Amino acid sequence: MRALPRSVHPGAWWLWALGLAAAASRTANPVLLVMILAVAGFVVTQRRDHAPWALAFRMYLVLGAVIVAMRVVFRIVFGGGQGDTVLFTLPEIPLPHWVAGVRLLGPVAAEQLLGGLYDGLRLATMVACVGAANALANPKRMLKALPGALHEIGTSVVVALSVAPQLVESVQRVRRARLLRGGTVRRGLRGTDALRGIVIPVLEDAMNRSLALAAAMASHGYGHTGRTAPRTRALTGALVITGLLGVCGGLYGVMGASTPGYLGTPLLLAGLALAGCGFVLGGRRVTRTTYRPDPWRGAEWLVTVAGLASAGLMYLASRTDATSLYPSLAPLAWPEVALLPAVAALVGVVPAWLAPGPPRQAVRP
Amino acid sequence: MIRFDQVTFTYSTADLPTLRSVDLHVGEGELCLVTGRTGVGKSTLLNAVNGLVPHFTGGHLQGSVIVAGLSTATAPPQEFAPVVGVVGQDPLASFVTDTVEEELAYGMEQLGVAPPVMRRRVEETLDLLGIAELRRRPLRTLSGGQQQRVAIGSVLTAQPRVLVLDEPTSALDPTAAEEVLAAITRLVHDLGTTVLIAEHRVERVVQYADRLVHLAGDGRVLDGAPADLMRTSDIAPPVVRLGRLAGWDPLPLSVRDARRRAGDLRDLLRAHQPPAQRTPEPVPAVAGTTPAPGAATARRPAQAAPPVPASSATATSSATAGHGHGHGHSHGQDHGQGGGPALSARRLVVAYPDTTAVRGVDLDLRRGEVTALMGRNGSGKSSLLWALQGSGPRRSGTVDVAGTDPGRVPPRRARSLVGLVPQTAADLLYLHTVDAECAQADHESRAPAGTCRALLDSVAPGLPGARHPRDLSEGQQLALVLAVQLTAAPGVVLLDEPTRGLDYHAKETFARLARRLAGEGRAVVVATHDVEFTARAADRVVVMAEGDVVADGPTPDVVVSSPAFAPQVTKVLGPQRWLTVEQVQQALEAA
């Protein structure tokens, strides 16, 4: 039976994407990485809806390509040129002796290029996985799923997100208006003047919009506190802040080797407990509700498990058969793919068929 | 329901109070219309109802405002959300979320309404306002009328007992305005909601109002039955002024009432022809001071040999009414210097990635003629104007102004051919004072110093030069931008929705100004939704729909038969072709 079209909980998509990204971080094998990329891309094309953020995936792919290109170019420019298979030699730029160890240009070896390529590809794949999550999960719905105590922060983020496109729009509008005054934009020396001609109206516009928005939000009841005693509010704030400070200290203690033991795990746990109390208290104070909250059902479990399985299997492969995950550069060899890592890379594709499709958009008249 | 007791409010930067000793009691289920000229404090009065004034604006409020037992002195605006719904002038600026359904639910989420109740109320509200088919649409893609209805819906879901609307229809075309007003009257009649509504275009709302609250301008507030207050109000719609002229009692407020009374007047007027609309009008500050001597006059000889033969000027667009142009209205020949088109566009196409805004429009603009460009929101009016000016995108077609295509020359040259005042005119202003803007305009246009200021003084005399442009009223900003654009001495002037936000007086001033610009030999195009303004100022009306020109002809020919575009006087006196109260008055005086 086909699942009814509905939007899958954004949290599930994020867990799935993070699973894929974790899997990608475990390997430098270009074949596996391209497989993960293909999986992410295929699921996105199958399961995204037509909202603006769903088109962002392309931007992440472009970003990934830029990362790969940068890595390779850096390897060429800054040499690092270990490797025997010299492909070609660029004229080396002599540097003063005090920067010994850094080489500009010079011979370019295949190992060096491939190393850069593999490295870049891994990073690009992880970026693309995050992009897939962004394309599949409405970021605003994700923020709605935040616990009640973080509601205010969530709302601020939502508002900030909607301001960006508005700002772009007003810049375009004002630029067009500048043309009507003879377009001083292209006159060299008067550049600052032209900039002022654009920046001032845009900022004033943004200012007016945010005031209007703030007034609208207030009259919609945003920040409506009902009957909370100020003392409870102060207590909640104190608990959360102290707790978070504790968490920071605790993390430092756990990571650092030379810190005394009592500063480590116990402090971390105490901090977590305090912050948790604060959130619970704060959540109880918040009287808000969520309209049509996304349910967490079988499909969400399936999506999550697919992503986490990918990460888990890749971890397993790295423990048993690490060589196939990191193709040899010296001596140069074609990357080989073993069965287990391949399965790990491909298992993430399951939601492309088994997750419910996106709800159909109402047809625009 | 709403009770103002001795309310005096002063903004922190002002010397005089905006509201002075206001006593106002609005009962349950009343529809109360707030009128007054621009800047007298209508928005201040409305926003005081839920405490946005003074909690958001600052300033000093004396006295008390109590709504349903809740005082703004003790509770912040947030606490009024379940009681008072406030809808602002620009719905898009006040949307918090990005789809219709989420926007409707937002207020309830803030108030902690239980999810099943929220779902039910959203569905009910979608039906109540007739926007159910829009539920998943992104808010930015909606038309103005739809956005306004969503904005109303978003406050209705909290089930407030009072609805406060600040100029809900000022940016809307006549049909969309009807939709919104129908929704509001339905709320009043079916749900007993108390409504406080401010509106510049009184003619749209006054017939539905139970009570009129008039801000006189000195901070005092008069309130009473609409028919009583309208007898003396300085803000009166055409139907009321016609009623006053004819001495009808009680004063009719709707076209229907007036038409039932108008039998005698129609008989009386039957013997008269509506006077030739556009006789040269008395305009203040014209004599000898025709601004920028090089501006309008110098251009006339230049077009002695227009590239298009004069005969083709009449065969305008593909439109039906295009023929017979120039009959029965002598004036085009008076000013037209042979009637050669000042601008002629052929097969103009403007296309955006997902829509075609203008589809192959042919248009000729004649000197000395004011053309009103009408059509619903999104019908391609703005795109057409921008394409004509040359700054906007154009896919194909030609524009010809005195042998030059403004789209093919640098912006500086284009603006000396065609001047455009865009919809948000203030986008053009960025300096600190009016004088600085004027100096900059002279510099940009390489005009002699003082040209812009002289133009400004002829357009809006006595604007203080040290004032910050943002502190001017909408009408004054419009005048300043117009002066800036006129400094370049264009022969064609295009104005995109200049009348929104203007009260009757500012609109009347602007109508005279448009007539004068045309009288000085320019071709003037005004894109507008305002049928009364069109009736008052335009020689010719071009109606657009979906990027096509669907009607083009002399104003009476186009508007008299149209249910949407006919002005009130025409509706009352039809089938006779009277457009304005002034015409009727002249005819009666002549009789």
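Residues numbered from 1 in each chain as written. Chains lettered and ligands numbered in written order. Predicted model: local features only at pLDDT ≥ 70, side-chain atom pairs only at ≥ 80, totals over all residues. Heavy atoms only, no water.

### Some words on the overall build of chain A
Just so we agree on the cut-off: Numbering of helices and strands runs from the N terminus, with a helix taken as a DSSP run of H or I at least four residues long and a strand as a DSSP run of E at least two residues long. Each residue's exposure class comes from its accessible area (1.4 Å probe, protein chains only) as a fraction of the maximum for that residue type: buried when under 20%, exposed when over 50%, partly exposed otherwise. When checking whether two residues touch, look at their non-hydrogen atoms; a contact exists if any pair is within 4.5 Å. We get accessible surface area from the Shrake-Rupley algorithm with a probe of 1.4 Å; when it comes to residues, only the shown protein chains can shield them.
Summing up its helical and strand segments, chain A has 12 helices and 2 strands in all. Moving toward the C terminus, one meets the helices and strands of chain A in the order α-α-α-β-β-α-α-α-α-α-α-α-α-α. Going through the 365 residues of chain A one by one, you find that 39% of them count as buried. Excluding contacts between residues fewer than 6 apart, the proportion of contacts in chain A whose partners are at least 24 apart in sequence is 78%. Counting every atom, chain A has about 19,700 Å² of accessible surface; 71% of that belongs to carbon and sulfur.

### Examining the nonpolar core
Inside soluble globular proteins, nonpolar side chains tend to come together where they are buried. All names here are of chain B. Going by this rule: In plain words, nonpolar cores are sets of buried Ala, Val, Leu, Ile, Met, Phe, Trp, Tyr and Cys residues tied together by side-chain atoms within 4.5 Å.
Core analysis: the largest hydrophobic core is formed by 78 residues, its most contacted members being Leu343, Leu384, Leu388 and Leu494. Counting residues per element, this core draws most heavily on helix α19 (residues 474–486), at 8 residues. For Leu494, the contacting residues outside a window of four places in its chain are Leu365, Leu385, Leu388, Gln389, Val418, Gly419, Leu420, Val421 and Val525. Among the nonpolar cores identified, the runner-up in size contains 66 residues, and Leu229, Ala258, Leu269 and Leu573 belong to it.

### Quick word on the pairing of strand β18 (residues 540–545) of chain B
All names here are of chain B. What counts here: Only strands joined by at least two bridges in the DSSP assignment are considered to pair.
For β18, the buried fraction is high: 6 of the 6 residues fall into the buried class. Neither face of β18 is open: one carries Arg540, Val542 and Met544, the other Val541, Val543 and Ala545, and all of them are buried. Pairing of strand β13 (residues 370–374) with β18, which is carried by 4 bridges, proceeds in the parallel orientation. Of the residues in β18, the one forming a bridge with Thr371 is Arg540. Bridging between β18 and strand β19 (residues 548–554) involves 6 bridges; their strand directions are antiparallel. From the neighbouring strand, Met544 faces β19, where its bridge partner is Val549. Taking the residues between adjacent antiparallel strands as the criterion, β18 and β19 are bridged by 2 residues, where Glu546 takes a positive phi near 50 degrees.

### Some thoughts on the pattern of salt bridges
Side-chain pairing between opposite charges can occur once the charged atoms of the two side chains come close. Stated formally: Any Lys or Arg side-chain nitrogen located within 4 Å of an Asp or Glu carboxyl oxygen qualifies as a salt bridge.
Counted by the stated rule, this structure contains 42 salt bridges over all chains. Between Asp539 of chain B and Arg515 of chain B there is a salt bridge; the shortest N-O distance is 3.3 Å. Note that Asp539 of chain B is positioned in the loop between α21 (531–537) and β18 and Arg515 of chain B in helix α20 (residues 504–519), a separation of 24 residues in sequence. Residue Asp539 of chain B shares its accessibility class with Arg515 of chain B, and that shared class is buried. Within the structure, one salt-bridge network assembled from shared partners comprises Arg292 of chain A together with Glu101, Arg119, Glu123, Arg135 and Arg136 of chain B.

### Let's talk about the packing of aromatic side chains
What counts is decided by this rule: Geometry of aromatic contacts follows a simple scheme: Phe, Tyr and Trp rings, the Trp one being its six-membered ring, pair when their centres are within 6.5 Å, and the pair is stacked under 30 degrees between planes, edge-to-face over 60, tilted otherwise. A ring has a charge above it when a Lys NZ or an Arg CZ is no more than 6 Å from the ring centre and no more than 35 degrees off the ring normal.
Following the criterion strictly, the structure yields 5 aromatic pairs over all chains and no others. Relative to Trp301 of chain A, the ring of Trp296 of chain A lies with its centre 5.7 Å away and its plane at 80 degrees, an arrangement referred to as edge-to-face. On the basis of relative accessibility, which here comes to 33%, the residue Trp296 of chain A falls in the partly exposed class. Looking at Arg176 of chain A, its charged tip hangs above the ring of Trp386 of chain B, at a distance of 3.9 Å from the centre.

### Things to note about the interface of chain B and chain A
Interface size is often expressed as the accessible area that is lost when the parts come together. Applied cut-off: Once two parts are brought into contact, the accessible area they lose, counted with a 1.4 Å probe and summed over both, makes up the buried area. Here a polar contact is recorded for every N or O atom pair within 3.5 Å, except that within protein the pair must consist of a potential hydrogen donor and a potential acceptor, and residues adjacent in sequence are included only if both atoms are side-chain atoms.
Facing 63 residues of chain B, the contacting portion of chain A comprises 54 residues. Counting the surface chain B buries against chain A, the share from its top three residues, Gln110, Asp427 and Tyr430 of chain B, is 14%. Among the ionic pairs, Arg181 of chain A bridges to Glu437 of chain B, the shortest N-O distance being 2.7 Å. Here chain B is connected to chain A by 13 residue pairs in polar contact (both at pLDDT 80 or more). Counting residues per element, the side of chain B that touches chain A draws most heavily on helix α4 (residues 100–111) of chain B, at 10 residues.

### Some words on the sheet that holds strand β3 (residues 31–35) of chain B
Residues and elements named next belong to chain B. Test applied: Helix axes use the C-alpha atoms of the stretch in contact, all axes being lines fitted to C-alpha atoms, and the angles between their N-to-C directions lie in the range 0 to 180 degrees.
The sheet built from 6 strands is open, its strands ordered β6-β7-β8-β3-β9-β10 with mixed pairing. Strands with a single pairing partner mark the edges of an open sheet, and in this sheet they are β6 (84–87) and β10 (221–224). For this sheet, the mean angle separating the axes of adjacent strands, direction not counted, is 15 degrees. In the sheet, β6 pairs with strand β7 (residues 162–166) via 4 bridges, with the strands oriented parallel. In the sheet register, Gly85 faces β7, and the bridge partner there is Leu163. Contacts from helix α6 (residues 144–156) reach β6 and β7 within the one sheet, and its direction differs from that of β6 by about 160 degrees.

### Some points on unusual backbone geometry
Residues and elements named next belong to chain B. Cis geometry marks the peptide bond from Val53 to Pro54, where omega comes out at 5 degrees. The linkage connecting Gly574 with the following residue, Pro575, adopts the cis geometry, with an omega of 5 degrees. Mapping Pro575 onto the fold places it in the loop between α23 (568–573) and α24 (581–590). Phi is positive for Ala68, close to 50 degrees, though the residue is something other than glycine. Examined against the element boundaries, Ala68 turns out to sit in the loop between β4 (60–67) and β5 (70–71).

### A few points about the side chain of His220 of chain A
Looking at the element boundaries, His220 of chain A is found in the loop between α7 (191–219) and α8 (230–255). A distance of 3.1 Å separates a polar atom in the side chain of His220 of chain A from a polar atom in the side chain of Ser154 of chain B. If we skip the residues at most four places from it in the chain, His220 of chain A touches Ala81, Glu103, Tyr106, Gly107, Gln110, Ser154 and Val155 of chain B.

### Points about empty space enclosed by the protein
Where empty space is left can be seen by rolling a probe of water-molecule size over the atoms. We apply this condition: We place a 1 Å grid over just the protein atoms. Points where a 1.4 Å probe fits but has no way out form a cavity, open points with protein on both sides within 12 Å along at least 5 of 7 lines form a pocket, and any residue with an atom within 4 Å of a point lines it. Grid points are joined across faces, edges and corners, and a volume is the space filled by probe spheres set on the points. Classification used: nonpolar for Ala, Val, Leu, Ile, Met, Phe, Trp, Tyr, Cys and Pro, charged for Asp, Glu, Lys and Arg, polar for all others including Gly.
Tallied over the full model, the rule gives 2 cavities of 30 Å³ or more. Here the second largest cavity defines a volume of roughly 40 Å³. In this structure, the second largest cavity is lined by Ser219 and His220 of chain A together with Ala81, Val84, Gly85, Gly107, Ser154, Val155 and Ala158 of chain B. Mapped onto the lining of the second largest cavity, the elements with two or more residues apiece are β6 and α6 of chain B. Per-class residue counts for the lining of the second largest cavity are 4 nonpolar, 5 polar and no charged.

### Examining the environment of Ala449 of chain B
In this fold, Ala449 of chain B is placed in the loop between α17 (434–445) and α18 (451–459). Between the C-alpha atom of Ala449 of chain B and that of Cys438 of chain B, which follows or precedes it by 11 residues, the distance is 8.8 Å.

### Thoughts on the sheet that holds β4 of chain B
Residues and elements named next belong to chain B. Taking strand neighbours across the sheet as the criterion, the 4 strands line up as β2-β1-β4-β5 in an open arrangement whose pairing is antiparallel. One side of each edge strand has no neighbouring strand; the edge strands of this open sheet are β2 (19–26) and β5. Two elements, strand β1 (residues 2–10) and β2, share 5 bridges in a ladder whose sense is antiparallel. Each residue of the ladder has a partner; that of Arg3, found in β2, is His25.

### Details of a nonpolar patch on the surface
Note the threshold: Put simply, a patch holds well-exposed residues, over 30% relative accessible area, that have no salt bridge, with like charges counted together within 9 Å and Val, Leu, Ile, Met, Phe, Trp or Tyr side chains within 5 Å.
On the surface, Val62, Val66, Met70, Val73, Phe74, Phe78, Ile93, Leu95 and Val102 of chain A cluster together to form a nonpolar patch covering roughly 780 Å² of accessible area. Relative to the helices and strands, Phe78 of chain A resides in the loop between α3 (57–77) and β1 (86–89).

### A closer look at helix α5 (residues 115–128) of chain B
Residue and element names in this part refer to chain B. Defined as follows: Expected span of a helix: the number of residues minus one, times 1.5 Å. Here the arc refers to the directions that run from the helix axis out to each C-beta atom.
Under the 1.5 Å per step criterion, the end-to-end length of α5 is 20 Å for 14 residues, consistent within 8% with the ideal 20 Å. Those residues of α5 that fall on the buried side of the exposure criterion are Met118, Arg121, Val122, Thr125 and Leu126. Buried residues of α5, viewed axially, fall in a sector of 135 degrees; they line one side. Facing away from the buried side of α5 by over 90 degrees, the exposed positions are Pro116 and Asp127. Packed against the buried residues of α5 are α4 and α6. Gly130 sits one or two positions beyond α5 and adopts a positive phi of about 65 degrees.

### A word on the confidence of the model for chain B
Filter applied, for reference: Values of pLDDT, the confidence the predictor places in each residue, fall between 0 and 100.
Of the residues in chain B, 89% have a pLDDT of 70 or more, and the chain-wide mean is 84. Mean pLDDT across the elements of chain B bottoms out in helix α13 (residues 299–302) of chain B (38) and peaks in strand β17 (residues 523–527) of chain B (95).

### With respect to α20 of chain B
Every α-helix carries 3.6 residues per turn, so stepping three or four residues along brings you back to the same face. Residue and element names in this part refer to chain B. Taking 1.5 Å per residue, 16 residues should reach 22 Å; α20 reaches 22 Å between its end C-alpha atoms and fits that length. Within α20 the residues assigned to the buried category are Tyr504, Lys507, Phe510, Ala511, Leu513, Ala514, Arg515, Arg516, Leu517 and Ala518. The distance from a side-chain oxygen at the start of α20 to the backbone nitrogen of His505 is 3.1 Å, and the residue carrying that oxygen is Asp503. Looking one or two residues past α20, Gly521 carries a phi angle of roughly 100 degrees, positive in sign.

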